[in-house]
Amino acid sequence: VQLQASGGGLVQPGGSLRLSCAASGSSSSVYTMGWFRQAPGKQHEWVAGITGRERINYADSVKGRFTISRDNTKNTVYLQMNSLKPEDTAVYYCRAATAYAFYWGQGTQVTVSS
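Keep in mind it's a predicted model, so treat the numbers as computed, not measured. (Residues numbered from 1 in each chain as written. Predicted model: local features only at pLDDT ≥ 70, side-chain atom pairs only at ≥ 80, totals over all residues. Heavy atoms only, no water.)

Q: What is the right way to read the sheet that holds strand β3 (residues 17–24) from this model?
A: Taken in spatial order, the 4 strands line up as β1-β3-β8-β7 in an open sheet, and their pairing is antiparallel. Strand pairing shows two members of the sheet lacking a second neighbour, β1 (2–6) and β7 (66–71), which therefore form its edges. Recorded for the sheet is a direction-independent mean angle of 15 degrees between the axes of neighbouring strands. Bridge analysis of β3 against strand β8 (residues 76–81) gives 6 bridges, and the strand direction is antiparallel. The partner of C21 across the bridge, within β8, is V77. (Pairing = 2+ DSSP bridges. Helix = DSSP H or I, 4+ residues; strand = E, 2+ residues; numbered from the N terminus. Axes fitted to C-alpha atoms, helices over the stretch in contact; angles between N-to-C directions.)

Q: Looking at this structure, I do not really get the environment of F102. What am I missing?
A: Inspection of the secondary structure puts F102 in strand β10 (residues 102–104). C-alpha separation for the pair F102 and V30, spaced 72 residues apart in sequence, amounts to 9.2 Å. The contact partners of F102, leaving out residues within four places of it in the chain, are R95, A96 and A97. (Contact = heavy atoms within 4.5 Å.)

Q: It is not clear to me how the pattern of salt bridges should be interpreted in this structure. Could you clarify?
A: Side chains that differ in sign of charge can pair as their charged atoms come close. Counting across every chain of the model gives 4 salt bridges. Residues D60 and K63 are paired through a salt bridge, measuring 3.2 Å at the closest nitrogen-oxygen approach. Overlapping salt bridges bring together R37, E45, R65 and D88 as one network. (Salt bridge = Lys/Arg side-chain N within 4 Å of Asp/Glu carboxyl O.)

Q: Please clarify how the state of the cysteines should be interpreted in this entry.
A: Joining two cysteines, a disulfide is a covalent bond between their sulfur atoms. All told, the structure shown has 1 disulfide when counted by the stated rule. With its sulfur 2.0 Å from that of its partner, C21 forms a disulfide with C94. Handedness of the C21-C94 disulfide follows from its S-S torsion of about 55 degrees: it is right-handed. Of this pair, C21 sits in strand β3 while C94 is found in strand β9 (residues 90–97), placing the two residues 73 residues apart along the sequence. The pair C21 / C94 is uniform in exposure class, with both members buried. (Disulfide = S-S within 2.5 Å. Buried < 20%, exposed > 50% of the residue type's maximum accessible area, 1.4 Å probe, protein only.)

Q: Before we go on, may I ask you to explain the nonpolar core in this structure?
A: Generally speaking, a soluble globular protein has its nonpolar side chains buried in company with each other. Core analysis: the biggest nonpolar cluster contains 30 residues, and M33, W35, L79, M81 and Y92 have the highest contact counts within it. Elements that contribute at least two residues to this core include exactly β1, β3, β4 (32–38), β5 (45–50), β7, β8, β9 and β11 (108–112). Non-local contacts of Y92, meaning those with residues more than four positions away in its chain, are made with L19, W35, F36, R37, V47, F66, L79, M81, Q106, G107, T108 and V110. (Core = buried A, V, L, I, M, F, W, Y, C linked by side-chain atoms within 4.5 Å.)

Q: Would you take a moment to explain the pairing of β8 for this structure?
A: The two faces of a sheet get side chains in turn, since along a regular strand they alternate between them. The element β8 is largely enclosed, with a buried count of 5 among its 6 residues. If you look at the hairpin formed by β7 and β8, you'll find 4 residues sitting between the two strands, and N75 has a positive phi there, around 50 degrees.

Q: How should I be thinking about the pairing of β9 in this particular structure?
A: Note: β4 against β9, 7 bridges, orientation antiparallel. Among the inter-strand pairings, F36 is bridged to a residue of β9, identified as Y93. With 3 bridges joining them, β9 and β11 adopt antiparallel strand pairing. Directly across from Y92, in β11, lies its bridge partner T108. Pairing of β9 with β10, which is carried by 3 bridges, proceeds in the antiparallel orientation. Its bridge partner being in β10, A97 is matched across the sheet by F102. Where β9 folds back on β10, the antiparallel hairpin that results is connected by 4 residues.

Have a look at this one:
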């Protein structure tokens with residue numbers, strides 16, 4: 001499974017961005033997809049996840065502001081990020097889980113700054 005993430009950028013506080021992560025290869029075996037992030041000097045942090053049955057969970061830090069969704073016809077997971085805060089600045093990574101392994105996409109930088 002290969003993952004290609006996109007959609008990062010520079011945005012002002014209060015703004016929005018949408019990240020995308022497209023899966024290819026043995027993408028039909030993917031069950032759960034999720035987003036993680038890592039800010040400078042901080043630990044890797046789970047942000048949101050969605051299962052194949054679209055059961056969704058969010059980290060408390062993003063609940064009510066971020067929305068995860070997936071389009072199974074395109075093998076793509078999205079992260080809509082609204083009301084962005086400077087503390088959301090990080091490299092965002094998508095991850096796909098099959099029954100046997102985890103796969104990671106390359107990171108995409110999100111910077112929230114005025």
